[in-house]
Amino acid sequence: MKLAADLGLCQGHQECLAEAPELFAFDEESYQVVVRVPEPSVEQVPAARAAVKYCPAFALTLED
(Lines give C-alpha, C1' and ligand atoms only; values in the text may rest on other atoms or scores of the structure.)
Protein backbone atom coordinates (compact mmCIF):
# COMPACT_ATOMS: atom_id res chain seq x y z
CA MET A 1 0.00 0.00 0.00
CA LYS A 2 1.11 3.54 -0.72
CA LEU A 3 0.51 6.41 1.69
CA ALA A 4 0.72 9.91 0.24
CA ALA A 5 -0.05 13.50 1.15
CA ASP A 6 -1.25 16.21 -1.22
CA LEU A 7 0.69 19.20 0.05
CA GLY A 8 -1.54 21.52 -1.94
CA LEU A 9 -4.45 20.43 0.27
CA CYS A 10 -2.65 20.08 3.62
CA GLN A 11 -3.72 22.82 6.04
CA GLY A 12 -1.54 21.80 8.98
CA HIS A 13 -4.26 20.46 11.29
CA GLN A 14 -1.92 17.60 12.34
CA GLU A 15 -4.73 15.09 12.87
CA CYS A 16 -2.55 12.56 11.04
CA LEU A 17 0.03 12.87 13.78
CA ALA A 18 -2.61 12.20 16.41
CA GLU A 19 -3.76 9.05 14.58
CA ALA A 20 -0.43 7.69 13.35
CA PRO A 21 2.64 9.44 14.81
CA GLU A 22 4.89 6.63 13.58
CA LEU A 23 3.87 7.33 9.97
CA PHE A 24 3.93 11.13 9.86
CA ALA A 25 6.01 14.12 10.88
CA PHE A 26 5.28 17.82 10.64
CA ASP A 27 7.43 20.47 8.99
CA GLU A 28 7.12 23.63 11.08
CA GLU A 29 8.62 25.80 8.34
CA SER A 30 6.19 24.81 5.60
CA TYR A 31 3.41 24.01 8.09
CA GLN A 32 2.69 20.76 6.25
CA VAL A 33 2.70 17.05 6.88
CA VAL A 34 5.67 14.84 6.00
CA VAL A 35 4.98 11.19 5.19
CA ARG A 36 7.73 9.32 7.03
CA VAL A 37 6.58 5.85 5.95
CA PRO A 38 5.23 5.88 2.37
CA GLU A 39 4.69 2.10 2.41
CA PRO A 40 3.17 1.17 5.78
CA SER A 41 3.48 -2.37 7.06
CA VAL A 42 0.42 -4.58 7.51
CA GLU A 43 0.42 -3.66 11.21
CA GLN A 44 0.51 0.07 10.38
CA VAL A 45 -2.32 0.03 7.83
CA PRO A 46 -5.14 0.53 10.39
CA ALA A 47 -3.41 3.66 11.74
CA ALA A 48 -2.82 4.89 8.18
CA ARG A 49 -6.50 4.39 7.35
CA ALA A 50 -7.52 6.31 10.48
CA ALA A 51 -5.22 9.19 9.52
CA VAL A 52 -6.73 9.33 6.03
CA LYS A 53 -10.25 9.16 7.44
CA TYR A 54 -9.78 11.94 9.99
CA CYS A 55 -7.79 14.39 7.86
CA PRO A 56 -10.10 17.44 7.76
CA ALA A 57 -8.48 18.71 4.55
CA PHE A 58 -8.74 15.33 2.74
CA ALA A 59 -5.02 15.66 1.95
CA LEU A 60 -4.08 12.01 2.56
CA THR A 61 -4.51 8.93 0.40
CA LEU A 62 -3.83 5.24 0.94
CA GLU A 63 -3.86 3.15 -2.22
CA ASP A 64 -3.21 -0.52 -3.01
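Here, every reference points to the structure presented above.
Residues numbered from 1 in each chain as written. Predicted model: local features only at pLDDT ≥ 70, side-chain atom pairs only at ≥ 80, totals over all residues. Heavy atoms only, no water.

### As for the packing of aromatic side chains
Note the threshold: Stacked, tilted and edge-to-face are the three classes applied to pairs of Phe, Tyr and Trp rings, where Trp contributes its six-membered ring and a pair requires centres within 6.5 Å; stacked means planes under 30 degrees apart, edge-to-face means over 60, and tilted covers the rest. Only protein chains enter the accessibility calculation, which uses a 1.4 Å probe. A residue is then buried if its area is under 20% of the maximum for its type, exposed if over 50%, and partly exposed in between.
Per the stated rule, a full pass over the model turns up 1 aromatic pair. Arranged with centres 5.0 Å apart and planes meeting at 85 degrees, the rings of Phe 26 and Tyr 31 form a pair that is edge-to-face. The class of Phe 26 is buried, set by a relative accessible area of 17%. Taking the relative accessible area as the measure of exposure, Tyr 31 reaches 44% and is therefore partly exposed.

### Considerations on helix α2 (residues 45–54)
Because each turn of an α-helix spans 3.6 residues, side chains separated by three or four positions end up pointing in the same direction. The line we're drawing: Counting from the N terminus, the helices are DSSP H or I runs at least four residues long and the strands are E runs at least two residues long. Should any heavy atoms of two residues lie within 4.5 Å, those residues are considered in contact.
Of all the residues in α2, the buried ones are Val 45, Ala 47, Ala 48, Ala 50 and Ala 51. In this structure, the buried residues of α2 make contact with β1 (2–5), α1 (15–19), β2 (24–27) and β4 (60–63).

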